[in-house]
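Summary of structural features
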Amino acid sequence: MIRAGGAMTARSRGGRSPAFEVERIRQDFPVLGEKIRGKPLVYLDNAATSQKPHVVIDTIRQFLSTYNSNVHRGVHQLSERATEAYEQARTRVQGFINAAESREIIFVRGTTEAINLVAQSYGRTHIGTGDEIVISAMEHHSNIVPWQILCEQTGAVLRVVPINDDGEMLLDEYVTLLTPRTRLVAVAHVSNALGTINPVREVIRLARRQGVPVLVDGAQAVPHLKVDVRELDCDFYAFSGHKVFGPTGIGVLYGRARLLEAMPPYQGGGDMIKSVTFAKTVYNDLPFKFEAGTPHIGGVIGLGAALDYLDGVGLDRVTAYEDELLVHATEALSAIPGVRIIGTAKEKASVVSFVVDGVHAHDIGTVLDHEGIAIRAGHHCAMPVMQRFGVPATARASLAFYNTREEVDALVRGIHKVIEMFV
Amino acid sequence: MSDLRELYQQLILDHSKKPRNFRTLEGANRTAEGHNPLCGDEITLYLQVEDDVIRGIGFQGSGCAISRASASMMTDSVKGKTRAEAQRLFERFHDLVTGETDEGGDPVDLGKLAVFSGVKEFPVRVKCAILSWHTLRAALEGKGETVSTE
């Protein structure tokens, strides 16, 4: 495990600084030692899901093997321990994103469920016929379709902020789309398909100036950037555990307490009630009102361990190291004739989407897989982005802090093989 | 690299770079569209069917090397065939790329289509290889709806 501020030996990376002990960090991730078709795994699909450090795996194993129990209801000691660990993880998440109160942290299945919760609970009570919801043209399907469903249910209208050829949101257009009918803005912090870091603070400031709440889809931001929901001043912030080195099946919805309190439950069931009679049911307080049924206890505890781990590595150092990797990857890929990077925003996280002239992304993916290199090929659940750039699909290399320059170089060699074969 | 070459055989690469019958067909009386959401492959197929025989065939669309080559070679191989013959070819081709063997079935000579045998080693690519064939069946059955491999 990595300790914050641990001994940083002056392991020179070609004279680059700051020294980031990537080889030591890689030891924390067992899967990185795997071989694919006899070749070392080069895992560059982190935007799809991230790998898990030993500490996350061990924490979940420890829960399941020594204190597995249900939460919030048992009178026995195991349940007390499980409940304590579960609620500690909630406090952990609160601290990680600097929420004001732990009851503002709702555990959900993932970013998708978080957005659907807001659309159905907040949306159906606050948004009506002719009202407008503003999203951007670079959203993941999970930040498009829940709003389309809400629009079908309520007669509201979806407005889309266009993006430029670099994949940057056009703020001037955004301002004109904010009208007296706007009831909600929902925008990605970081684009999964393009890597663009959106100017969410400005987006939020402009919306809130006229009293419009903002939901931020943080699925691709939390693994790369320090997120402070109070500094952002957002109303809702959603992210997934599995993209931030935790387990799948667990995610977080942060919501401003004032808004969450006024919202009706999303699902009914156990744990979300205070009392039930056939005449009247009294809902539980936050956050339990939104956590019907037995939650993903191991997932929550595992997520807490993942955030601890990430804190130990240090997000500032992660961001700085990934920036270096991104610069290297961008330069190296751009230098290959026939390769075009899709998404060239000035502010980017370590995601490189690209196309190769005359070669479909799927064929790129198959050839790279043969070299042990895992990338994503396809539309990245962002079909409108593909349409915007006039490509059927892209290949996407998404980097995490455990990736190395050598792995980027392996990717470059792989792309040369692709070109050799198909062009 | 060896089984990669099994997948991307020279004939497949050739057809993907220079697809045959890659055009809209004047006088087509059957069309169908196919879509593979996983990788965004899209195909529109045009057929001219007379007296139960495929007299003319053309396709348009975009896709990966496997789907383009498969569409190109499919159009070559079903031209002049009856609907029933085309259906049998579809079934044999399906067995070939999925690795299923149908010992009891009619022996049908796949001819050049046999170069797709490497696909069975790449399960995620089966949909790419089979898309144009599903689209063909939809066109022959005249369903008029978009075929999806999902």
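Everything below is about the structure shown above.
Below, the structure is looked at part by part. (Residues numbered from 1 in each chain as written. Chains lettered and ligands numbered in written order. Predicted model: local features only at pLDDT ≥ 70, side-chain atom pairs only at ≥ 80, totals over all residues. Heavy atoms only, no water.)

**Quick word on the nonpolar core**
- In this structure, Tyr-237 and Phe-401 of chain A together with Phe-116 and Leu-136 of chain B are the most contacted members of the largest nonpolar core, which totals 162 residues.
- If you count residues domain by domain, this core takes at least three from each of domain 1 (57-311) and domain 2 (314-422) of chain A.
- Contact partners of Leu-136 of chain B, with chain neighbours within four places excluded, come to Leu-45, Leu-47, Ile-54, Ile-57, Met-74, Val-78 and Ala-86 of chain B. (Core = buried A, V, L, I, M, F, W, Y, C linked by side-chain atoms within 4.5 Å. Buried < 20%, exposed > 50% of the residue type's maximum accessible area, 1.4 Å probe, protein only. Domains from an automatic or database assignment. Contact = heavy atoms within 4.5 Å.)

**Some remarks on the environment of Phe-389 of chain A**
All names here are of chain A.
- As for its position among the elements, Phe-389 is in helix H13 (residues 383-389).
- Taking relative accessible area as the criterion, Phe-389 reaches 14% and is therefore assigned buried.
- In sequence terms Phe-389 and Thr-182 are 207 residues apart; their C-alpha atoms lie 28 Å from each other.
- With residues near it in sequence (within four places) discarded, Phe-389 still touches Ile-163, Asn-164, Asp-165, Gly-167, Leu-194 and Ile-342. (Helix = DSSP H or I, 4+ residues; strand = E, 2+ residues; numbered from the N terminus.)

**A few points about unusual backbone geometry**
- The omega angle of the peptide bond from Leu-286 of chain A to Pro-287 of chain A is -5°, so this bond is cis rather than trans.
- Relative to the assigned elements, Pro-287 of chain A resides in the loop between strand S12 (281-283) and helix H10 (297-313).
- The residue Phe-245 of chain A is not glycine, and still its phi comes out positive at about 75°.
- Positioned with a positive phi, Asp-51 of chain B is a non-glycine residue whose angle comes to about 50°.
- Relative to the elements of secondary structure, Asp-51 of chain B occurs in the loop between strand S2 (41-50) and strand S3 (53-62).
- Given the relative accessible area of 73%, Asp-51 of chain B is considered exposed.

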